[in-house]
2 protein chains.
Amino acid sequence: MQVYEAPLRDMRFVLEELWHDDGFGDIPALKEFDSDLMNAVLEQAAKFSQEVLLPLNRSGDEEGCHHENGVVRTPAGFKEAYDQFTQDGWAALSSDPEWGGQGLPERLSKLVEEMTCSTNLSFGMYPGLTHGGVGAIAKHATDDLKNTYLPKMVSGEWSGTMCLTEPHCGTDLGLLRTRAVPAGDGTYKVSGSKIFISAGEHDLTDNIIHLVLARLPDAPEGVKGISLFVVPKYIPKDDGTPGPSNGVSCPAIEHKMGIKASATCQMLFEESTGWLVGEPNKGMAAMFTMMNNARLGVGIQGLGIGEAAYQSAVWYAKDRVQGRSLAGPKYPDQAADPIIVHPDVRRMLMTMRANNEGCRALGAWVARALDAEKHADDPEVRKRAEDFVALMTPIVKALFTDLGHENANLAIQIYGGHGYIRESGVEQYARDARIAMLYEGTNGIQALDLVGRKLGAHMGRYLKSFFHPVSDFIEANKGEGPMKPMIDGLEKAFGALQLSTATIAQKGMADPGEAGAAATEYLRLFGLVAMGYCFARSTLISGMKLAFGAEDKAFYNAKIKTATFYFERILPQVSAHFLAIKAGKKSMMALADDAF
Amino acid sequence: MQVYEAPLRDMRFVLEELWHDDGFGDIPALKEFDSDLMNAVLEQAAKFSQEVLLPLNRSGDEEGCHHENGVVRTPAGFKEAYDQFTQDGWAALSSDPEWGGQGLPERLSKLVEEMTCSTNLSFGMYPGLTHGGVGAIAKHATDDLKNTYLPKMVSGEWSGTMCLTEPHCGTDLGLLRTRAVPAGDGTYKVSGSKIFISAGEHDLTDNIIHLVLARLPDAPEGVKGISLFVVPKYIPKDDGTPGPSNGVSCPAIEHKMGIKASATCQMLFEESTGWLVGEPNKGMAAMFTMMNNARLGVGIQGLGIGEAAYQSAVWYAKDRVQGRSLAGPKYPDQAADPIIVHPDVRRMLMTMRANNEGCRALGAWVARALDAEKHADDPEVRKRAEDFVALMTPIVKALFTDLGHENANLAIQIYGGHGYIRESGVEQYARDARIAMLYEGTNGIQALDLVGRKLGAHMGRYLKSFFHPVSDFIEANKGEGPMKPMIDGLEKAFGALQLSTATIAQKGMADPGEAGAAATEYLRLFGLVAMGYCFARSTLISGMKLAFGAEDKAFYNAKIKTATFYFERILPQVSAHFLAIKAGKKSMMALADDAF
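Definitions and cut-offs
Residues numbered from 1 in each chain as written. Chains lettered and ligands numbered in written order. Predicted model: local features only at pLDDT ≥ 70, side-chain atom pairs only at ≥ 80, totals over all residues. Heavy atoms only, no water. Helix = DSSP H or I, 4+ residues; strand = E, 2+ residues; numbered from the N terminus. Contact = heavy atoms within 4.5 Å. UniProt positions renumbered as here; feature names shortened; annotations may be inferred. Least-squares fit on C-alpha atoms with pLDDT ≥ 70 in both. Buried area = accessible area lost by both parts, 1.4 Å probe. Salt bridge = Lys/Arg side-chain N within 4 Å of Asp/Glu carboxyl O. Nonpolar A, V, L, I, M, F, W, Y, C, P; charged D, E, K, R; others polar. Buried < 20%, exposed > 50% of the residue type's maximum accessible area, 1.4 Å probe, protein only. Pairing = 2+ DSSP bridges. Core = buried A, V, L, I, M, F, W, Y, C linked by side-chain atoms within 4.5 Å. Axes fitted to C-alpha atoms, helices over the stretch in contact; angles between N-to-C directions. Parallel < 35°, antiparallel > 145°, perpendicular 65-115°, else oblique. Left-handed = near helix turned anticlockwise from the far one by under 90°.

Enquirer: Would you take a moment to explain the side chain of S198(A) for this structure?
Expert: Structurally, S198(A) is set in strand β5 (residues 188-198). When near neighbours in sequence (up to four residues on either side) are disregarded, S198(A) contacts M125(A), L129(A), T161(A), A263(A) and T264(A).

Enquirer: Can you walk me through the UniProt feature "domain: Acetyl-CoA dehydrogenase-like C-terminal" (unreviewed entry) in chain A in this structure?
Expert: Per the UniProt record, "domain: Acetyl-CoA dehydrogenase-like C-terminal" (unreviewed entry) is found at residues 466-591 of chain A. Structurally, residues 466-591 of chain A is divided into 86% helix and 0% strand, and its ends, taken at the C-alpha atoms, are 37 Å apart.

Enquirer: Help me out: how do you make sense of the relation of the copies chain A and chain B in this one?
Expert: With an RMSD of 0.0 Å, the fit of chain A onto chain B corresponds to turning through 180 degrees and sliding 0.0 Å along the axis. Viewed as a symmetry operation, the transformation between the two copies matches a two-fold axis. Identified as the residue of chain A closest to the rotation axis by C-alpha distance is A576(A), at 2.9 Å.

Enquirer: Help me out: how do you make sense of the interface of chain A and chain B in this one?
Expert: Put simply, an interface is often sized by how much accessible area is lost when its parts join up. Counting from both sides, the interface comprises 90 residues of chain A and, opposite them, 90 residues of chain B. Interface area, chain A with chain B, both sides summed: about 7700 Å², of which 60% is carbon and sulfur. Summed over the three residues of chain A that lose the most area to chain B, namely Y420(A), R569(A) and F596(A), the buried surface amounts to 12% of that side. For the pair chain A and chain B, the interface holds 5 salt bridges. With a closest N to O distance of 3.6 Å, D593(A) and K330(B) form a salt bridge. A breakdown of the residues in the side of chain A that touches chain B according to their chemical character gives 43 nonpolar, 24 polar and 23 charged.

Enquirer: Honestly, unusual backbone geometry in this entry has me stumped. Any pointers?
Expert: In terms of backbone geometry, most residues other than glycine have negative phi values and most peptide bonds are trans. All names here are of chain B. The phi dihedral of N69 falls on the positive side, at around 50 degrees, and the residue is not glycine. Given a relative accessible area of 80%, N69 falls into the exposed group. At E271, a position not held by glycine, the phi torsion is positive, near 50 degrees. Mapped onto the fold, E271 is located in strand β11 (residues 264-277). On the accessibility criterion, E271 (55% relative accessible area) is exposed.

Enquirer: What is the right way to read the pairing of strand β7 (residues 227-232) of chain A from this model?
Expert: Regular strands have side chains that alternate between both faces of the sheet. Residues and elements named next belong to chain A. Of all 6 residues in β7, 6 are buried, a share of seventy percent or more. What you see with β7 is no split at all: S227, F229 and V231 on one side and L228, V230 and P232 on the other are buried throughout. In this sheet, β7 lies alongside strand β6 (residues 207-214) in antiparallel orientation, the contact comprising 6 bridges. By the bridge assignment for β7, L213 is matched with L228. Here β7 pairs with strand β11 (residues 264-277) via 3 bridges, running antiparallel.

Enquirer: Explanation requested: the nonpolar core in the structure shown.
Expert: Nonpolar side chains tend to gather and get buried jointly when the protein is soluble and globular. F466(A), F526(A), F466(B) and F526(B) are the most contacted members of the largest nonpolar core, which has 418 residues in total. Dropping the residues within four chain positions of it, F466(B) is found in contact with W365(B), F388(B), L391(B), M392(B), L497(B), F526(B), V529(B) and A530(B).

Enquirer: Looking at this model, I keep getting lost on the packing of helix α14 (residues 484-510) of chain B against helix α17 (residues 573-583) of chain B. Mind explaining?
Expert: In helix packing, the relevant descriptors are the interaxial angle and the interaxial distance, both defined with respect to the helix axes. Residues and elements named next belong to chain B. With their axes 10 Å apart at the nearest point, α14 and α17 run at an angle of 15 degrees to one another. What the angle tells us is that α14 and α17 run roughly parallel. Of the two elements, α14 crosses α17, and the hand of that crossing is left-handed. The segment α14 lies against α17, with A493, A496, L499, S500, I504 and K507 engaging V574, F578, I581, K582 and A583.

Laid out in structure tokens, this is it:
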């Protein structure tokens, strides 16, 4: 059964306790968002997610989206939920107040996003895509375009899309063929086919604003000849309301493994009027503004599903009675013990729990860096925060989505045969979670981004934003004491990360294929160390809270137990990844293409 | 795209080259199955799978089974395919000639099963379940029952089911409630509800023979009070044709994540006439006859899907052009290189390949033991073969199905966003493969079976059937030479397995919870070592073949390269599992039930 209660206590922990000395300092610009305000937002968001979004999750999956004569209908209840979502102001949460947004800190809005993804990933796609469009327009478009589109997109009255992929090109956008021809009046005629366009067409909003990558007639080949355009479904009239159709159509929607309530559209642009965003042929840069933000968002999707899967599994593990504890009956008044008594079920629950808490803590750190990047007074701090976000973005995207999918599969496993039945709701989590490892750049592409672009950038400067705090923490907490096994474990794992980094830097310099061959294992190793750091910090803080008589003992004790499980049972995976990285590319590349 | 060509070369390798000195000796009773005959069977099976079953795989998934007024219809084409399957004699392949079977060796029929599972897992369920029923009847039923049912079930004219699970009991069959009351004429009236009954109702055969677990009125509580009954859908008339209805109905079928063309039925027995199979209250023993065979079969399902996923991924990796090789363009005449040039795609393909070849080799070894168990002249050999099968059954079931699911997910990953679209066919593999980790005992239950029943049995006698050949092999091949890295790697991994075994034996003696906490990691570690042994053996044999001028150089070279990849990139996972096992149960069990 799909059950969900927002993990507010843990959210408050990562929001207010864990990262109080995150290295980015106080941010005066965000002072107004005090503890009370943030708590109120979290509680309202929890209520909305639990009461409005969760009940539409299974029904949306069963019904899916409908496509008839080019019109796309979302499943029953989605339109009403979306109206309430915008009326309550959720769409505008993190956007700039200049355009009607509420300007909430990222550290807060990312937690709200997590709740949305836990309760209805498909629903979250509609406002999620709009955010990407808002970001690109706000950063790169003319004031005219901003004034026309941003207020309506920020409020959620209109939605947005990112039109990148074409049938023959996804990762390699250099191959794209959609054309944009100057119309002579400052606008362009955009023509071409796009696929996999989330929220490309639907019935939730009056207008849909497409951000489209296309080539100008004189554009250079490859990625250096791509420009970005705003192409609305309906051209806005002078009064701001949707006007004439703009030659944008949706010939079909895809039939997918999951997120069935999210309309994944084939889009056709036929001489559609478009407005250039940013400079000609610099579309990739503008696109990356959307993309990096989207990648963090996709990471949060993984965490969101991972949390929902965990809670649904806990519910079942307590409800389902089957067999007896190996230590003798624990619930002798029942015909059998609930399966939560069995060690192997515990192993799965604790793994899921650790995955979620580790990702949530790490995600919160990155979200604080996003705030610092935007709002910190000190340009030095802004720079460091930017480095950190750049470094961690591919890790958050790939690690969180891998673990979200792992959690969903563990939930199925805990349900046994019942987990395979659609009615149980958990198989939906596995199907929904699967997309997050693929879109916004597959997780393999994230790993390449990490080793190819992030490691070497500015002579390894990005790395310092992570390595320094971790090694400072280890130095400060080393030595005898109750945390010794944990700090030793972290130090060892961190050592493996440093050695792997050096190996890749060295070998990869001479042969980029070596970096490529190490990429996926390295990203996971990095992620495991980062989660280990989060857990060690969490343990230290929880221990201090307990020592100083905090009231919420159960929470801090559980945190330490989960951290201990992580260190004993999950972090050791570092050893296997390290050995695999050390092995290099030879055996991977030995077989000729045609021998497969 | 779902593509498949039976891997006949590798099948012949594991059938005739790899295990020539498997320790079970020659089996004179199987002499007639010479190389030519076995090749002919493999080639015909390949043809049938590729030409008849594969084309129905996607359409069967899209259409699913239909349930109307208690009648179940399989998807279009299934009835015709099933008729051809039985007419061509595939149903009777491995059954006893006494009942009309062809008595093929298991080593051969398991390879045919693999092909069926690669091309249409749902289809394979129908004859697969019949086999389980045939086994139980042949071993435990009266001659009358055998004569009535076996010829028709062996030919495939009638099909069979295993009716174990009830809504409130799956793993813990002690809780079951279906009753069987003596009718006074030697038969019983069976009443109760069963769920998750594969092939419980369908339109492929004239009669369906249910093997039903139920309780006699005076039965002791728990698993010691369960008996097994034959309950036909239609009671056979004296002339052997189906007679009157027997109160067996199918009120509904399940809507599942995958294997949608396999009818998973709720079954209702209302005073249905049943015949006792074996002794009263000894139903669990008879049931395990079906179950153990079924567990090996489910393992083969994992391998089958794993192979299909691999081939479909290879096809795509060669077809899809995107980006350029990190070493510079490899196919400069194309707009981009096929993605098979990218190391991270290679990593996935090589992993899938190694998973398949490792499982196929190990499965072939176990299949030889099945033959030896049944047919060897020497009772000592039969005993040792039985030990080996008992030990390896949970490993084959859990390891193969985990890796099959991993392969299916890697295939999706290689397809990128396209893999998420149903049309691509690979997401079906992930959905279909998922069930194999759940049914016939979840993989967690397999792990408990291994550490709880198999390790300690007869003072560790089962273990010797694996440990002795592996340590003999290491001793025989140690020292300087080209195989040194591999043998060293195997020795180290084998050492970790021995240490883990000792740890579990020691700790588990004092506290069964410790064995339970180690079970899943131990099973995987065991499986990794077993695959390592298979690959080291394969390398040795391939090396010798090459040295002595074998013609098929490409095959042997590829085998050695895949083995090398396995040793460098996969076997190191042993280290992580070893550390996790060493950590024990404490952190796993630390959190109170209500703290979750």
